[in-house]
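# Remarks on the overall topology
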Amino acid sequence: MMLADLRQAVIETARKMKEYGLVELAGGTVCAVDKETSLVAITPSGLEYDNMQPEDVCLVDYDLRLVDGRLKPSIASDMFTEIIKARPDVGAVIHTHSSYATAFASLNREIPVITTTQANLVGGTVPVVRPLHPGPHTKEYLANIVKTLGNGKAVNLMCHGPIVVGDDLDDCLAVAVTIESTAAIAIRAAALGNPVCLNQDDTKLAYDYCRRAVGQKKHNERGE
Ligand SMILES: [Zn+2]
């Protein structure tokens, strides 16, 4: 994908994030990696997505040096570049403030695997990144995000909201929507009783099966 196309794809994902009710105003962040140039296309700080143009999307290197763009990148950029450096498999990262998932972050409680959809697309629970971190990011905090994420697909920043990683922007969006709906279902189910949680084996089975069998081409191209 050309860098111009990647910037356009970042905008389209940001707009969908809003359309799906995962963010309000200029909240959240979207970024995608161009593996050939090792550049990251990332949404600018504090700009609403409706009228965003491709040149508004910042291009930075992995150390956050601005390579192209007229605006300041998202203030959360360091969280994403640290993840990208630690996880070469990741092609995109998005951050939302979706309300049910964030309710779990405010309870300091992981989002459980209580739906097969969560198992299929996320492959596990969504752990909370501790501690509460209201100020500029410290090295320790960034390392904590990377450690809590491990090889997983999502973490939930305490009292803040989810960070989701994926093969590409579509993958991230699917995971972000899934964890939000799982969190909503978990809250409804807990109002009626104790929801059934999938165990680790069933979760892994569901995740691997979905990676292998679902979709039209993406996974087949890799021969998986
Ligand atoms: Zn945020």
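The model shown is predicted, which means the values in this text are computed figures rather than measured ones.

Next up on the list: the nonpolar core. As a rule of thumb, soluble globular proteins bury nonpolar side chains together. In this structure, Val-10, Cys-31, Val-93 and Cys-172 are the most contacted members of the largest nonpolar core, which totals 60 residues. For this core, the element with the highest residue contribution is helix 6 (residues 169-192), accounting for nine residues. For Val-93, the residues in contact, after removing those within four places along its chain, are Cys-31, Phe-80, Ile-83, Ile-84, Ile-163, Val-165 and Cys-172.

What the eight strands build is an open sheet, ordered 4-3-2-1-5-8-7-6; its pairing is mixed. At either end of the open sheet lies a strand with only one pairing partner, and these are strand 4 (66-68) and strand 6 (128-129). The pairing of strand 2 (residues 39-42) with strand 3 (residues 58-61) spans four bridges and is antiparallel. Bridged to Ile-42 within strand 3 is Cys-58. Of the strands in this sheet, strand 1 (29-34), strand 5 (92-95), strand 7 (154-157) and strand 8 (161-166) are in contact with helix 6, which crosses strand 8 at around 145°.

Here we come to unusual backbone geometry. Following Arg-130, the chain continues into Pro-131 via a peptide bond in cis, with omega recorded as -5°. Among the structural elements, Pro-131 can be located in the loop between strand 6 and helix 5 (139-149). One non-glycine residue, Asn-108, lies in positive phi territory at about 55°. Locating Asn-108 in the fold gives a position in the loop between helix 3 (99-106) and helix 4 (116-121). Given 13 C-beta atoms within a 10 Å radius, Asn-108 is considered partly exposed.

Neither face of strand 7 is left uncovered, since the one carrying Ala-154 and Asn-156 and the one carrying Val-155 and Leu-157 both have all their residues buried. Note: strand 6 against strand 7, two bridges, orientation parallel. What sits directly across from Val-128, in strand 7, is Asn-156. In this region the chain leaves strand 6, passes through helix 5 and returns to the parallel neighbour strand 7; the handedness of that crossover is right-handed. Here four bridges tie strand 7 to strand 8, and the two strands are oriented antiparallel to one another. In the sheet register, Asn-156 faces strand 8, and the bridge partner there is Pro-162. Hairpin connection of strand 7 to strand 8: three residues between the antiparallel strands, including Cys-159 at a positive phi of 55°.

Secondary-structure assignment places Arg-130 in the loop between strand 6 and helix 5. In this structure, the C-alpha to C-alpha distance between Arg-130 and Tyr-141, residues 11 residues apart in sequence, is 8.3 Å.

To continue, consider helix 3. Among all positions of helix 3, only Ala-101, Thr-102, Phe-104 and Ala-105 are buried. Down the axis of helix 3, the smallest arc covering the buried residues is 150°, so these residues share one side. Of the residues one or two after helix 3, Asn-108 is the one with positive phi, at around 55°.

Looking at the protein chain, the pLDDT average stands at 92 and 96% of residues meet or exceed 70. The model gives residues 219-224 a pLDDT under 50, and that stretch makes five contacts with residues more than four places away or in other chains.

This brings us to the environment of Glu-110. Assignment of secondary structure puts Glu-110 in the loop between helix 3 and helix 4. Look at Glu-110 and you get partly exposed, because 15 C-beta atoms sit within 10 Å. Remark: the alpha-carbon pair of Glu-110 and Thr-125, spanning 15 residues in sequence, is separated by 6.3 Å. Once residues lying within four places of it in the same chain are set aside, the contact partners of Glu-110 are Phe-104, Thr-125, Val-126, Pro-127 and Val-128.

Criteria and thresholds
- For every chain, the first residue of its written sequence is number 1, and the numbers climb from 1 along that sequence.
- Owing to the predicted nature of the model, reporting of local features is limited to residues with pLDDT of at least 70; listing and counting of side-chain atom pairs is limited to 80 or more, with chain, interface and lining totals taken over all residues.
- A set of buried Ala, Val, Leu, Ile, Met, Phe, Trp, Tyr and Cys residues, joined through C-beta atoms within 7 Å, is what we mean by a nonpolar core.
- The exposure label follows from counting other C-beta atoms within 10 Å of a residue's C-beta, where the C-beta atoms are placed from the backbone and the thresholds are 20 or more for buried and 12 or fewer for exposed, leaving partly exposed in between.
- What counts as a helix is a DSSP run of H or I of at least four residues, what counts as a strand is a run of E of at least two, and both are numbered from the N terminus.
- For every residue pair, C-beta atoms are placed from the backbone, and the pair is scored as a contact if these atoms sit within 7 Å.
- Strands were regarded as paired on the criterion that DSSP finds at least two bridges between them.
- Here, axes are lines fitted to C-alpha atoms. For helices the fit covers the stretch in contact, and angles between N-to-C directions go from 0 to 180 degrees.
- Throughout, right-handed denotes a crossover for which the path from the first strand over the helix to the second runs clockwise when the strands point away from the viewer.
- Directions pointing from the helix axis toward each C-beta atom define the arc.
- The pLDDT score gives, residue by residue, the confidence of the prediction method on a 0 to 100 scale.

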